[in-house]
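Tertiary structure, described
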Amino acid sequence: MGVLDGLSVLLLEDEFLIALEAEEMLTQMGAARIEIAHDLQEAQRLLAENDFDVAMLDVNVNGKTSLDLAAGLKKRGVPVLFATGYELKSRSIGADDSIAYITKPYSADRLEDALAAALADTSQPPVKGA
């Protein structure tokens, strides 16, 4: 039984190979449906057409941040996990402190732990180094 058993996931990732690897990991964690967006416009379109149980968002997508998208998802009650190549200990990008994050590169085990934290309680502080 995986942390994502039967859940739908929005994956926003602009790097094609990272998106494929993340999709594989999410599938192995039991995700029933994974929709991949490679830019913010595509993510917005997918959100308008679908409901998601959780979202995994790259922070920097083609030079733009996904912070507004994350805020909108949180308002809809959708747990969010930031995936980033940046170290967010200082949270200097203006991210909501209640949003969990994982730094790239990440392993399947670290991703599963971070997703479990995001799903369990999105009001908790971010998962450090998860």
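Predicted model, so just to flag it, every value in this text is computed and none were measured.

On to the nonpolar core. If you look at the biggest cluster of nonpolar residues, it comprises 22 residues, and the most contacted ones within it are Leu-4, Leu-26, Met-56, Leu-81, Tyr-106, Leu-111 and Leu-115. Among the elements of the structure, strand E1 (8-12), helix H1 (16-28), strand E2 (33-37), strand E3 (54-58), strand E6 (80-84), strand E7 (100-103) and helix H4 (108-120) are those that each provide at least two residues to this core. Apart from residues no more than four positions distant in its own chain, Leu-4 is found in contact with Val-9, Leu-26, Met-29, Gly-30, Ala-31, Ala-32, Val-54, Leu-115 and Leu-119. Grouped together as the second largest cluster of nonpolar side chains are 20 residues, Leu-10, Ala-43, Leu-67 and Ile-99 included.

Let's shift gears to the pairing of E3. Burial within E3 is extensive, with five of its five residues counted as buried. Burial along E3 is two-sided: Val-54, Met-56 and Asp-58 and Ala-55 and Leu-57, pointing in opposite directions, are all buried. By the bridge criterion, four bridges tie E3 to E6 in an arrangement that is parallel. Paired with Asp-58 across the strands is Ala-83, a residue of E6.

With respect to topology, five strands assemble into an open sheet ordered E2-E1-E3-E6-E7, the strand pairing being parallel. Each end of this open sheet is capped by a strand with a single partner; those strands are E2 and E7. Across this sheet, the average inter-strand angle for adjacent strands is 20 degrees, counted without regard to direction. The pairing of E6 with E7 spans four bridges and is parallel. Across the sheet, the residue bridging to Phe-82 is Tyr-101, located in E7. Strands E1 and E2 of the sheet are contacted by helix H2 (residues 40-49), whose axis makes an angle of about 145 degrees with E2.

On to H4. Taking 1.5 Å of rise per residue, the 13 residues of H4 would be expected to cover 18 Å, and the 18 Å separating its terminal C-alpha atoms lies within 8% of that figure. Buried within H4 we find Leu-111, Ala-114, Leu-115 and Ala-118. Projection of H4 onto a plane perpendicular to its axis shows the buried side chains occupying an angular sector of 100 degrees, all on one side. Exposed side of H4, more than 90 degrees from the buried face: Asp-109, Asp-113 and Ala-120 are the residues found there. Buried residues along H4 sit in contact with H1, E3, E6 and E7.

Rules of the game
Residues numbered from 1 in each chain as written. Predicted model: local features only at pLDDT ≥ 70, side-chain atom pairs only at ≥ 80, totals over all residues. Heavy atoms only, no water. Core = buried A, V, L, I, M, F, W, Y, C linked by side-chain atoms within 4.5 Å. Buried < 20%, exposed > 50% of the residue type's maximum accessible area, 1.4 Å probe, protein only. Helix = DSSP H or I, 4+ residues; strand = E, 2+ residues; numbered from the N terminus. Contact = heavy atoms within 4.5 Å. Pairing = 2+ DSSP bridges. Axes fitted to C-alpha atoms, helices over the stretch in contact; angles between N-to-C directions. Expected span 1.5 Å × (residues − 1). Arc of directions from axis to C-beta.

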